[in-house]
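Summary of the model geometry
The chain contents come next:
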Amino acid sequence: IKDEWFTDDLKKLEVFVGPPLLQQFMEYAGLDEETGIKAVEYYRERYSTVGIFENQPYPGVEEMLDTLCGKGYILAVASSKPDHFGLTGYFSEIVGSEMSGKRTGKAEVIEEVLARLNMQNHRDEVIMVGDKEHDVFGARKAGIECVAVAYGYGTEQELKQAQPLKIVDSVQGIVDFFC
């Protein structure tokens, strides 16, 4: 791993949040594929026992999910992050990448969600909400629109360049968009 990655500056590590880890380890940390695969294994090992508890949902997320469900929206997750916040009950499907390394691209994960919801032929009725450019690009590749949230890990510049359907700057902005 490049020496500059050994740092206490957590901001530098945000490039690893969201996109497929193997790709990020190879591109940003300069790892070859074999070492990158091992790095992903180490990451998942730590995340499953410690890292999962080092984060929390944004304020207002549960209320937003409750509002959208109350309005009849079908909600699903296309992410590889497990949930320990008790929010799974709001979602009809939760799909992520496989630990084997399959289905790591965002479009692949979205396609699996669409298949499970029998929405492959109703893409005009589906809108992805994401916070990184790869969410916007993955949605576009899957033939659906994306609303980007500027309060997540992606930068506003990154999101503007990706050209989502809309950019909102708060959880309430999501509610306002859909309701």
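Above this text is the structure in question.
Residues numbered from 1 in each chain as written. Predicted model: local features only at pLDDT ≥ 70, side-chain atom pairs only at ≥ 80, totals over all residues. Heavy atoms only, no water.

Tallying secondary structure elements over the chain gives seven helices and five strands in all. Going from the N terminus to the C terminus, the chain shows its helices and strands as α-α-α-β-β-α-β-α-β-α-β-α. For the chain, with 179 residues in total, the buried portion stands at 36%. Intrachain contacts of the chain at a sequence separation of at least 6 include 42% that bridge at least 24 residues. Accessible surface, the chain as shown: approximately 11,000 Å² in total, 50% of it carbon and sulfur. (Helix = DSSP H or I, 4+ residues; strand = E, 2+ residues; numbered from the N terminus. Buried < 20%, exposed > 50% of the residue type's maximum accessible area, 1.4 Å probe, protein only. Contact = heavy atoms within 4.5 Å. Areas by Shrake-Rupley, 256 points an atom, 1.4 Å probe, with all protein chains shown as cover.)

Time to look at the environment of Lys160. The residue Lys160 is located in helix H6 (residues 156–162) in this model. With ten residues separating them in the primary sequence, Lys160 and Ala150 have C-alpha atoms 9.6 Å apart.

The next thing to look at is the packing of helix H4 (residues 106–116) against helix H5 (residues 133–141). For the pair H4 and H5, the least separation of the axes is 8 Å and the interaxial angle reads 55°. On the basis of the axis angle, H4 is oblique to H5. Here the hand of the crossing between H4 and H5 comes out right-handed. Residues Lys106, Ala107 and Ile110 of H4 touch H5, and the partners they reach there are His134, Asp135, Gly138, Ala139 and Lys141. Classifying every residue of the contact of H4 with H5 gives three nonpolar, two polar and three charged. (Axes fitted to C-alpha atoms, helices over the stretch in contact; angles between N-to-C directions. Parallel < 35°, antiparallel > 145°, perpendicular 65-115°, else oblique. Left-handed = near helix turned anticlockwise from the far one by under 90°. Nonpolar A, V, L, I, M, F, W, Y, C, P; charged D, E, K, R; others polar.)

Next up on the list: the environment of Lys71. Looking at the element boundaries, Lys71 is found in the loop between helix H3 (61–70) and strand E1 (76–78). Among the residues examined, Lys71 registers a relative accessible area of 57% and is labelled exposed. Between the C-alpha atom of Lys71 and that of Phe178, which follows or precedes it by 107 residues, the distance is 9.2 Å.

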